[in-house]
Amino acid sequence: MAAPETLRIIPLGGLGEIGLNMMLIEYGGQSLAIDCGVMFPEPSMLGIDLVVPDWTYLRERPDSLQGLICTHGHEDHIGALPFLAREFPVPTYATPFAHALIKNKREEHNIEFPLECFRAGDSWRVGPFEIEAIHITHSIVDTVALAIRTPVGTIVHSGDFKFDPTPLDDHPSDLPHLAELGDEGVLALLSDSTNVERPGVTPSERSITRNLEAVFLQSPGRVLVSTFASHLHRIQQVLDISARTNRRVAVAGRGMVTNIGIGQDLGCLRVPDGVMVDLNEARQVPPDRLTVLTTGSQAEPRSALTRIAMNGYKKLAIDPGDTVILSSRMIPGNEKAIGEVINHLHRRGAEVLYEKVATGLHVSGHANQAELSLMMQLIRPKFFVPIHGEYRHLIRHVALAERMGMPAENCFLLEDGDVLELEQEHARRGEPVTAGRVFVDGKGVGDVEDVVLRDRRHLSDGGLVLAMLAVDQHTGDVISGPELISRGFGVGDESQAHFERAREAVLAALEELAPESRTVPAEVKEEMRRTLRRYFKKALDRRPVILPVVTEL
Ligand SMILES: [Zn+2]
Ligand SMILES: [Zn+2]
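Quantities reported herein were computed from a predicted structural model and do not represent experimental measurements.

Novice: Mind showing me how you'd approach the sheet that holds strand β14 (residues 248-252) here?
Specialist: Two orientations exist for strands paired in a sheet by backbone hydrogen bonds: parallel and antiparallel. A sheet is described by the order of its strands in space; here five strands give the open sequence β14-β15-β13-β16-β17, paired in parallel fashion. Of all strands in the sheet, those with a lone pairing partner are β14 and β17 (351-353), marking the two edges. Between one strand axis and the next, the sheet turns through 20 degrees on average, direction left out of account. By the bridge criterion, five bridges tie β14 to strand β15 (residues 290-294) in an arrangement that is parallel.

Novice: How do you make sense of the domain arrangement of the protein when you look at a structure like this?
Specialist: Often the size quoted for an interface is simply the accessible area lost on bringing the parts together. By the assigned domains, the protein splits into domain 1 (7-200 + 364-438), domain 2 (205-353) and domain 3 (460-552). Centre-to-centre separation of domain 2 and domain 3, based on C-alpha positions: 33 Å. In this complex, domain 2 contributes 11 residues to the contact, which on the side of domain 3 involves 11 residues. Buried area between domain 2 and domain 3, both sides added, is near 840 Å², and the carbon and sulfur share of it is 52%.

Novice: Please explain the coordination of the zinc ion (ligand 1) as it appears in this structure.
Specialist: Four donors placed tetrahedrally about a metal ideally form angles of 109.5 degrees, and six donors placed octahedrally ideally form angles of 90 or 180 degrees. Coordination sphere of the zinc ion (ligand 1), protein contribution only: His 72 (NE2), His 74 (ND1), His 138 (NE2) and Asp 160 (OD), at 2.1 to 2.4 Å. The site at the zinc ion (ligand 1) holds four donor atoms, and with the angles between them running 89 to 165 degrees, its shape is irregular. Here the donor residues of the zinc ion (ligand 1) share one chain and are spaced in sequence as H-x1-H-x63-H-x21-D. Between the zinc ion (ligand 1) and the zinc ion (ligand 2), a spacing of 3.4 Å is present, and a bridge between the two is formed by Asp 160.

Novice: What's the story with the coordination of the zinc ion (ligand 2) in this structure? I'm lost.
Specialist: Protein-derived ligands of the zinc ion (ligand 2) are Asp 76 (OD), His 77 (NE2), Asp 160 (OD) and His 388 (NE2), with the metal-ligand distances lying across 2.1 to 2.2 Å. Given four donor atoms and angles of 87 to 165 degrees at the metal, the environment of the zinc ion (ligand 2) is assigned as irregular. In primary sequence terms, the donor set of the zinc ion (ligand 2) follows D-H-x82-D-x227-H.

Rules behind the numbers
- Residues numbered from 1 in each chain as written.
- Chains lettered and ligands numbered in written order.
- Predicted model: local features only at pLDDT ≥ 70, side-chain atom pairs only at ≥ 80, totals over all residues.
- Heavy atoms only, no water.
- Pairing = 2+ DSSP bridges.
- Helix = DSSP H or I, 4+ residues; strand = E, 2+ residues; numbered from the N terminus.
- Axes fitted to C-alpha atoms, helices over the stretch in contact; angles between N-to-C directions.
- Domains from an automatic or database assignment.
- Contact = heavy atoms within 4.5 Å.
- Buried area = accessible area lost by both parts, 1.4 Å probe.
- Donors = N, O, S within 2.8 Å, 3.2 Å for Na, K, Ca; no water.
- Tetrahedral: all angles 85-135°; square planar, octahedral: opposite > 155°, others 65-115°.

In structure tokens:
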């Protein structure tokens, strides 16, 4: 008799970092992927727009992948999908809101792959796996946990979750169903570790309503609220509070406009009658009667809030008396840029409320310790694997599981590329597989042609161009440069002429920037990269890695 097949759990991303989430479940040579997310580059990753998981492992077994399921529509779960789908156009399954977001990506990237919609409560089959989706609460609508029934046993993947008992849509997590799965018997639980450092429970989305409303009532001018464009429940709160406090709402930022439209179409966002006002007409609304919803809570270059802060947004300028609420977490790595935006908003006379100076204007979408314990109690798995976290989160989550009575030998701290092999009663580590990070140069939005995937090992195959610029930190005036230095990017006798023209193109592009944007290094770098990338592509059909360095003097 042949040995029984083992079930393999293979994280390709998200175990060792926040972001880049991608998990493979493999049985009998067939695999299922759960999520396919990006990570935003750290400030030290010069010249990179996005990071995606390395799926070399799948390339080595081209026919193994049977399908991909997205637990929800956050970028750290769906952002890398268009890049994967170019190589593996497998059936992809997503909940309605995530489905709509992925559909937009599919169009922007101009690729084809089968995309199916499912809802919490649905069950279906992918290869040897029977999937069941369970509703849970998070900071985006339509989030699910997954129960994956395999010939070896049931795996429960928590997705990103918190147990909000009073969510805005009155649709709390399906705890009874999670308990039923526990009764049935679960082989392994893979659970979200993001907030394992925090004791107690994460406050409910409703806990911030009163605090937000107080700000709306007290602000003598406009209230600008910046949050993630995908956070429909937060957007709903802003709409409802605005209606109650007699303010109209204008929307700034493409992502916010798109998502509000999708939310309305799907019936998960209710816009109160008469509350919306076109941004072009917002100037005619008295300041104390206006709310502005904007993107840019992470101070992304070129986002609406960043441009508003730099006075580079034509349709809206900050006046003294306005209040800006950053209703979001500062993602580590973005603090510096967010700080700059806050400085500029203050200079324009705005009051700025953010997590360090005002509590209760944002809540997390992830479970704290008490909720993580509850998840383990409901599921009562034989084996436990913490997911979605840096190493420090994963190790604390294992410690929490052990305190909850899980035997140490049944807890597996896996990192990207590690393999867990499961049989009905046994689990062991397998041979690790290739995993890592692949860098994307070019955002793939509007300029798909320009996107280049760069494997770390071949990062500089197209050559490198280092662009150095010194600017006056107060005026943003160029003091010297840009100086261009290249490696592995010889273009013959004409190099000097090309570099001279590229320099001129950069100076011309910087001239076009709003004066205050020129004092923000992130904005200047972004503009330099865009300009140089375009120049080398157009003039030479080359795509070197462009490393902008801006010195403020
Ligand atoms: Zn999420
Ligand atoms: Zn996530």
